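Fold and geometry: a report
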Amino acid sequence: FSSPPCLDPPLILTMAKFDEKRARNEVRKLLAGIDLKSTSIGKLRAELEKAMGFKPGGLDPHKEMVQHILSSELSAHNSKAPAAPAADNAPAAKKARTKGPADGE
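None of the values given here were measured: they were computed from a predicted structure.

1. Quick word on the overall build of the protein
- Counting secondary structure elements, the protein contains five helices and zero strands.
- Listing every helix and strand of the protein by position from the N terminus yields α-α-α-α-α.
- When burial is assessed residue by residue, the protein has 20% of its 105 residues classed as buried.
- Sequence separation of at least 24 residues holds for 68% of the intrachain contacts in the protein that already meet a minimum separation of 6.
- Element-wise, carbon and sulfur atoms account for 58% of the exposed surface of the protein, whose accessible area totals about 8500 Å².

Listed below in structure tokens is the structure:
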């Protein structure tokens, strides 16, 4: 009878622990200091990995939970963001046409 091979170092000690509450807090911090127009979900996930002490790809086993957290926190962040002035959302006004030589004057 042989004992199972030991992991050196034990796998459990080399993996950062996933904590949903901490992940939400870290995502909130990331969203507070980031330009959402110049980032992607992948970049946010990579920054979250760093902030939580995971190696690249370390959040892959928690992909669905991370996606849920990112989506809900992005929605909350966007609802807190100040609304753009109405003029920014309106189409540009047409330039008043002036009569000139091409108009027969």
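What follows picks up the thread again.
2. A word on helix 4 (residues 63-80)
- A rise of 1.5 Å per residue sets the reference length of helix 4, with its 18 residues, at 26 Å; its end C-alpha atoms lie 26 Å apart and thus fit the reference within 8%.
- Among the residues making up helix 4, those that are buried are Val-66, Ile-69, Leu-70, Glu-73 and Leu-74. For helix 4, the arc enclosing every buried residue in end-on projection is 125°, short of the 170-degree limit, so these residues lie on one face. Exposed residues lying more than 90 degrees from the buried face of helix 4 are Glu-64 and Ser-79.
- Structurally, helix 4 contributes buried residues whose contacts are with helix 2 (20-32) and helix 3 (41-52).

3. Some details on the confidence of the model for the protein
- Model confidence for the protein is summarised by a mean pLDDT of 76, while 61% of its residues fall at 70 or above.
- Confidence drops under pLDDT 50 across residues 7-14; counting only partners more than four residues distant or on other chains, this segment forms one contact.

4. Let's talk about the pattern of salt bridges
- Applying the stated criterion across every chain, the model contains six salt bridges.
- For the salt bridge of Glu-73 with Arg-24, the shortest nitrogen-to-oxygen distance reads 3.0 Å. Residue Glu-73 is located in helix 4, and its partner Arg-24 is located in helix 2; the two are separated by 49 residues in the primary sequence. Arg-24 carries the same exposure label as Glu-73, and that label is buried.
- In this structure, a network of salt bridges that share partners links the residues Glu-20, Arg-24, Arg-28 and Glu-73.

Criteria and thresholds
Residues numbered from 1 in each chain as written. Predicted model: local features only at pLDDT ≥ 70, side-chain atom pairs only at ≥ 80, totals over all residues. Heavy atoms only, no water. Helix = DSSP H or I, 4+ residues; strand = E, 2+ residues; numbered from the N terminus. Buried < 20%, exposed > 50% of the residue type's maximum accessible area, 1.4 Å probe, protein only. Contact = heavy atoms within 4.5 Å. Areas by Shrake-Rupley, 256 points an atom, 1.4 Å probe, with all protein chains shown as cover. Expected span 1.5 Å × (residues − 1). Arc of directions from axis to C-beta. pLDDT = per-residue confidence, 0-100. Salt bridge = Lys/Arg side-chain N within 4 Å of Asp/Glu carboxyl O.

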